[in-house]
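Architecture at a glance
This is what each chain is made of:
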Amino acid sequence: MDHQRQFRAAALESGIPDDEISRFTEHLRLAIRLSGGSGGVPVGQFGGSPQLPVGMDWPVAGGNRLPFVFSVDCAALPEVDGPGLPADGSLLFFLDHEEDHLASEPGWARVVYVPAGTDTEVAEEPTDHEVVGKQYDVSATLVARLPDWFGRDEEEDEDEDDLSPFQQQLARDLERDLPHLDELRALAHDLWPPDEGLASAYLGGYVDDEVMTSIAEQTLVGREMAGEIVIPVAKWYSHVEKEKHRLTSEWMSLARFSLTDEFYTGSFVVRHDDLAAGRLDKALSVTEFSE
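Residues numbered from 1 in each chain as written. Predicted model: local features only at pLDDT ≥ 70, side-chain atom pairs only at ≥ 80, totals over all residues. Heavy atoms only, no water.

1. Comments concerning the side chain of His-3
As for its position among the elements, His-3 is in helix α1 (residues 3–13). If sequence neighbours within four positions are ignored, His-3 has contacts with Leu-30, Glu-79, Val-80, Asp-81, Leu-142 and Trp-192. (Helix = DSSP H or I, 4+ residues; strand = E, 2+ residues; numbered from the N terminus. Contact = heavy atoms within 4.5 Å.)

2. Re the environment of Leu-280
Within the secondary structure, Leu-280 sits in the loop between α8 (272–276) and β14 (284–285). Assessed through its relative accessible area of 9%, Leu-280 is described here as buried. Through-space distance from the C-alpha of Leu-280 to that of Val-269 is 9.7 Å; in sequence the pair is 11 residues apart. If we ignore the near neighbours within four places in the chain, the residues touching Leu-280 are Leu-91, Val-111, Tyr-113, Leu-254 and Leu-275. (Buried < 20%, exposed > 50% of the residue type's maximum accessible area, 1.4 Å probe, protein only.)

3. Section: the packing of aromatic side chains
As enumerated under the stated definition, the model contains 14 aromatic pairs in all. For the pair Phe-24 and Phe-150, a centre-to-centre distance of 5.4 Å together with 70° between the ring planes defines the contact as edge-to-face. With Phe-24 in helix α2 (residues 18–25) and Phe-150 in the loop between β10 (136–145) and α4 (165–177), this pair connects stretches of sequence that are 126 residues apart. Each member of the pair, Phe-24 together with Phe-150, is buried. Note on Phe-46 and Tyr-136: the rings are 5.5 Å apart at their centroids and 20° apart in plane angle, and the pair reads as stacked. Residue Phe-46 is located in strand β2 (residues 44–46), and its partner Tyr-136 is located in strand β10; the two are separated by 90 residues in the primary sequence. Taking the relative accessible area as the measure of exposure, Tyr-136 reaches 33% and is therefore partly exposed. An aromatic cluster of three or more residues is present, and its members are Phe-46, Phe-70, Phe-93, Tyr-136, Phe-257 and Phe-268. In this structure, Arg-145 is placed above the aromatic ring of Tyr-202, and the distance from its NZ or CZ to the ring centre is 4.9 Å. (Phe/Tyr/Trp six-rings, centres within 6.5 Å; stacked < 30°, edge-to-face > 60°. Lys NZ or Arg CZ within 6 Å of the ring centre and 35° of its normal.)

What follows is the structure, given as structure tokens:
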């Protein structure tokens, strides 16, 4: 399915100029929503024991097995335009969220890619119940995703004041350049409706704003330490906002998911080029504490 062509055809039929459609679709991304209990075709498994390659040990950290969160069959997922997940094989996500949230070094989270055709077996269930949650199947649907600064629906509670000055300027420029912004946004949500009910996870789409801010800050700190740039303290925040905007096009959300511990959210993010090259070991894990 060519989703951009589908969207363009629907927008043209609505009388929206082609150049506006092109500018809008530069920012439109589709995410895959995973949910259980919907009765759809299973595309993955939450909880239980993972299906690992024959001879592969269960991933460990700190001498203990990492909790298995979920896996997906990439070939069964809906196709998404642009940079995306592998076309086949499976992805397995492991995360010790409490350790990962506090850790200053990586190691408490792991993404395992199992190529198609690999001989696998269900890993022996460990005696530690904390690394194996309740097992259930999930099905997939597509949802439209736009950047946080990309205007707001009238029914949404967020106010423009929630945006930074830099984001507010981006939004004003956008409204100037896209007179049919409301219609375009509504059309995207009609084709790929927003969330309904409880989702287990999302694959793809934009990186969460707080996570993107952290990446931008780390990038700028690294450049300062390397002597590439010098940022006055008074201008630090504005530099972070601009760097975050620049990096948004380079990064994507690999997976974002709720955890059995409702106070935490797990998130794996990755650069487009690393994902395209299969360098999943470059994916970053950012576990957020919601309270």
